[in-house]
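Understanding the architecture of this molecule
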Amino acid sequence: MKSVIALFKKDLLLEFRQQYTFYGILLYVASTIFVLYLAMGQPEDQVWNGLFWMIQLFVCVNAVAKSFLQESRGRLLYFYSIAGPRDFILSKLLFNVLLMGLLSLVSWILFGLLLGNPVQNGLRFMGLAVFGGLGLSLVFTFLSAIAARAQQNAALMAILGFPLIIPQILLMMKLANTAFSQVIQDSLGMIVLLLAGLDLLVVALAIILFPFLWKD
């Protein structure tokens, strides 16, 4: 755990020092939502929900894709000598979960300010937004590691990522619909457990498979 925490602190310090990366993502989020506001005004509930999760998807791709892009070969060799592959991938997963959780909250605030806020249960939607961002970040962090080793980052992430993430996005949209009314669906708990199971599966696959990529 000491290695995981040390590598996580390294990513956090780099993000604080290179703030243009984080602010660039924030500018992307704000400008995209502003364009939606100019084009659509304040859409109805279902459209609002769909747009929110589509924006979350593309924000995650932009935020997480740089996880392994910024690591040079020399730096990876250095990490290889001081830490294990599981420590390295766990630190990346942890950092991207934190980053995507923050960006999810920022997106929700900007959506509420510009596109209106039809959400009736704000606390539930906030939790679902963070939960959904967590799942997206786990999947794309793992795919970013695979794509970086293949040296075809953007193309491979798109090819591998979108077929995997579409079912998860559809489930999150269905789950988030419950925050637009006071009626709680019977299948709510089952969907949450299914998504949590998918997240745990991604973490397990990353821990099992990343050491093989690490050796290359």
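Residues numbered from 1 in each chain as written. Predicted model: local features only at pLDDT ≥ 70, side-chain atom pairs only at ≥ 80, totals over all residues. Heavy atoms only, no water.

When you go through the protein chain residue by residue, the secondary structure sums to nine helices and zero strands. Computed over C-alpha atoms, the radius of gyration of the protein chain comes to 18 Å, within 12% of the 17 Å expected from 2.2 N^0.38 for 216 residues, which places it in the range of a compact globule. In terms of principal-axis extent, the alpha carbons of the protein chain reach across some 55 × 40 × 30 Å. For the protein chain, with 216 residues in total, the buried portion stands at 44%. (Helix = DSSP H or I, 4+ residues; strand = E, 2+ residues; numbered from the N terminus. Rg over C-alpha atoms; globule rule 2.2 N^0.38 Å. Buried < 20%, exposed > 50% of the residue type's maximum accessible area, 1.4 Å probe, protein only.)

Under the feature "transmembrane region" (unreviewed entry), the UniProt entry names residues 20-39, 51-69, 89-111, 123-147, 154-176 and 188-214. Secondary structure across residues 89-111 divides into 100% helix and 0% strand, with the first and last C-alpha atoms of the span separated by 32 Å. Secondary structure over residues 123-147 splits into 100% helix and 0% strand, and the C-alpha atoms at its two ends are 36 Å apart. (UniProt positions renumbered as here; feature names shortened; annotations may be inferred.)

Here we come to the environment of leucine 200. Summarising the element assignment, leucine 200 is placed in helix H9 (residues 188-215). C-alpha of leucine 200 to C-alpha of leucine 138: the two residues are 62 residues apart in sequence and 9.2 Å apart in space.

Let us now look at the environment of glycine 84. Along the chain, glycine 84 falls in the loop between helix H5 (73-82) and helix H6 (85-114). Residue glycine 84 is classed as partly exposed on the basis of its relative accessible area, which comes to 24%. For the pair formed by glycine 84 and proline 211, sequence separation is 127 residues and the distance between their alpha carbons is 8.2 Å.

On to helix H1 (residues 2-17). Between its terminal C-alpha atoms H1 stretches 22 Å, which fits the 22 Å expected from 16 residues at 1.5 Å a residue. Where H1 is concerned, the buried positions are Val4, Leu7, Phe8, Lys10, Asp11, Leu14 and Glu15. Relative to the axis of H1, the buried residues are bounded by an arc of 150 degrees and lie together on one face. Exposed side chains of H1 directed beyond 90 degrees from the buried face belong to Lys2, Lys9, Phe16 and Arg17. (Expected span 1.5 Å × (residues − 1). Arc of directions from axis to C-beta.)

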